[in-house]
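What follows is each chain in one-letter form.
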Amino acid sequence: MNCWYGCSIQDGKKLFDKFDLIPNWKTDTNNHGPFSTDNIGMNYDYPEGSYERRKEIIKEHETYQKGLMYFMATDPRIPANLQKELNTWGLAKDEFTDNGNWPHQLYIREARRMISDYVMTENEILSRKAVPEPIGMGSYTLDSHNAQRYIKSNGYVQNEGDIGVHAPKPYGISYRAIVPKEAECKNLFVPVCLSSSHIAFGSIRMEPVFMILGESAATAASIAIDEQINVQQVSYEKLKQQLLSQQQRLTFNDK
């Protein structure tokens, strides 16, 4: 592969290592390797952008990904064996038929997050720090794709931000991380864009965890409504007992 920032053919082959087969001869395809389907650095404006600006960003990502695939499939600079393999794939003909077989939505993993009285960090994910008032658990790897690409002083391109650190065991997620500071809002739960560092969110952001936190938030909301109190005033002991009765797992049993 003719990489202008010094990667090898083996690096180019990584693009083909993340076609996970799913039913009906389709794949769950993901970014893989130093130069792949991630449009690195082109998403910064999205969280605060207008609807018009967001449409521009979505179109830019579509153009980048389609352009990359076209380049890989047709350009003579691509090694023949890699090009032959790529040309065995195509868009799913029975999906998104009203949009040229291309998905309507951009995958937004992370944008704005709340800052509350408690912020989940890598210390909780790596079990270096006890989690107060846990209402559910996560277990996924601390995972982040590259956040930026820049030119180093020697003229080479550097990717920055890609990590993958295994969580040693399931960890708790604090109730205080899903409720705002009381001075800011008294009747809101945030089980998705919760109070978390970027690195910790790389593990928390899994769909099963959001479902767990959603159930716990709904349970706490029911208590707050019944008792006519602010969400910050919900008794954790009462919430804990209710969650346990619903078979929610709050702590990890090492045994």
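Nothing here was measured: the structure is a model prediction, and the numbers come from that model.

About the cut-offs
Residues numbered from 1 in each chain as written. Predicted model: local features only at pLDDT ≥ 70, side-chain atom pairs only at ≥ 80, totals over all residues. Heavy atoms only, no water. Helix = DSSP H or I, 4+ residues; strand = E, 2+ residues; numbered from the N terminus. Contact = heavy atoms within 4.5 Å. Areas by Shrake-Rupley, 256 points an atom, 1.4 Å probe, with all protein chains shown as cover. Lys, Arg positive; Asp, Glu negative; His and termini not counted. Charge placed at Lys NZ, Arg CZ, Asp CG, Glu CD. pLDDT = per-residue confidence, 0-100. Core = buried A, V, L, I, M, F, W, Y, C linked by side-chain atoms within 4.5 Å. Buried < 20%, exposed > 50% of the residue type's maximum accessible area, 1.4 Å probe, protein only. Disulfide = S-S within 2.5 Å. Pairing = 2+ DSSP bridges. Phe/Tyr/Trp six-rings, centres within 6.5 Å; stacked < 30°, edge-to-face > 60°. Lys NZ or Arg CZ within 6 Å of the ring centre and 35° of its normal. Axes fitted to C-alpha atoms, helices over the stretch in contact; angles between N-to-C directions. Parallel < 35°, antiparallel > 145°, perpendicular 65-115°, else oblique. Left-handed = near helix turned anticlockwise from the far one by under 90°. Nonpolar A, V, L, I, M, F, W, Y, C, P; charged D, E, K, R; others polar.

Colleague: Whenever I open this one, the overall build of the protein confuses me. Can you help?
Modeller: Regarding its fold elements, the protein presents seven helices and eight strands. Referenced to the eigenvectors of the C-alpha coordinate spread, the extents of the protein come out at roughly 70 × 40 × 40 Å. Considering only contacts in the protein between residues 6 or more positions apart, those separated by 24 or more positions represent 62%. Summed over all atoms, the accessible surface of the protein reaches about 15600 Å², with 52% contributed by carbon and sulfur. For the protein, the centre of its 28 positive side-chain charges and the centre of its 32 negative side-chain charges are spaced 3 Å apart.

Colleague: How should the confidence of the model for the protein be read in this particular structure?
Modeller: Interpretation of this model should avoid reading the predicted coordinates in detail wherever pLDDT is low. Per-residue pLDDT for the protein has a mean of 91; in total, 93% of the residues score no lower than 70. Here helix H1 (residues 9–13) stands out as the least confident element of the protein, with mean pLDDT 53; strand S8 (residues 171–174) is the most confident, with 98. Note on residues 1–9: pLDDT under 50 across the span, and 16 contacts to partners over four residues away in sequence or across chains.

Colleague: Looking at this structure, how should I read the nonpolar core?
Modeller: In a soluble, globular protein the nonpolar side chains are often hidden away together inside. Counting residues in each nonpolar core, the largest one holds 32 residues, and the members touching the most others are Met-120, Tyr-175 and Ile-204. Listing elements by their share of this core, those giving two or more residues are S8, helix H5 (198–204), helix H6 (207–227) and helix H7 (236–245). Of all the elements, H6 adds the most residues to this core, at seven residues. In contact with Tyr-175, other than residues within four places in its own chain, are Pro-132, Glu-133, Ile-135, Phe-189, Ala-220, Val-231, Val-234 and Leu-239. Within the second largest apolar cluster, eight residues are counted, among which are Phe-35, Tyr-64, Leu-68 and Leu-82.

Colleague: Looking at this model, I keep getting lost on the state of the cysteines. Mind explaining?
Modeller: What the rule picks out here adds up to zero disulfides. Lacking any disulfide linkage, Cys-185 is separated from the closest cysteine sulfur, that of Cys-193, by 14 Å. Residue classification places Cys-185 among the partly exposed positions, given a relative accessible area of 22%. Using a relative accessible area of 36% as the deciding quantity, one classes Cys-193 as partly exposed.

Colleague: How should the pairing of strand S2 (residues 26–29) be read in this particular structure?
Modeller: The side chains of a regular strand alternate between the sheet's two faces. Across four bridges, the pairing between strand S1 (residues 19–22) and S2 is antiparallel. What sits directly across from Ile-22, in S2, is Lys-26.

Colleague: What is the right way to read the packing of aromatic side chains from this model?
Modeller: Tallied over the entire structure, the rule returns three aromatic pairs. For the ring pair Phe-35 and Tyr-64, a centre distance of 6.5 Å and an interplane angle of 70° mean the geometry is edge-to-face. Remark: Tyr-64 occurs in helix H2 (residues 51–74) and Phe-35 occurs in the loop between S2 and H2; sequence separation between them is 29 residues. Ring geometry for Tyr-175 against Phe-189: centres 6.3 Å apart, planes inclined by 55°, an arrangement best described as tilted. Linking Tyr-175 in the loop between S8 and H5 with Phe-189 in the loop between S8 and H5, this pair joins segments that are 14 residues apart in sequence. Accessibility classification places Tyr-175 together with Phe-189 in one group, the buried group. The cationic tip of Arg-54 hangs over the ring face of Tyr-46; the distance from NZ or CZ to the ring centre is 4.7 Å. Its guanidinium or amino end placed over the ring of Phe-201, Arg-113 lies 6.0 Å from that ring's centre, counting from NZ or CZ.

Colleague: How should I be thinking about unusual backbone geometry in this particular structure?
Modeller: In terms of backbone geometry, most residues other than glycine have negative phi values and most peptide bonds are trans. Of note, Phe-96 is a non-glycine position whose phi angle comes to about 50°, a positive value. Residue position: Phe-96 is located in the loop between helix H3 (80–86) and helix H4 (122–125). Note on Phe-96: relative accessible area 34%, which makes it partly exposed. The phi dihedral of Ser-127 is positive, around 60°, even though this residue is not glycine. Tracing the chain through its elements places Ser-127 in the loop between H4 and strand S3 (134–138). Accessibility expressed as a relative area gives 33% for Ser-127, which makes it partly exposed.

Colleague: Which parts of the structure should I look at to understand the packing of H6 against H7?
Modeller: Between two packed helices, both the angle of their axes relative to each other and the distance between the axes serve to describe the pair. Across the interface, H6 lies against H7 with an axial gap of 10 Å and an inter-helix angle of 130°. Taken together, H6 and H7 sit at an angle that is classed as oblique. Between H6 and H7 lies a crossing whose hand is right-handed. On H7, the residues that touch Ser-216, Thr-219, Ala-220, Ile-223 and Glu-227 of H6 are Lys-238, Leu-239, Gln-242 and Leu-243. When its residues are assigned to classes, the contact of H6 with H7 shows four nonpolar, three polar and two charged.

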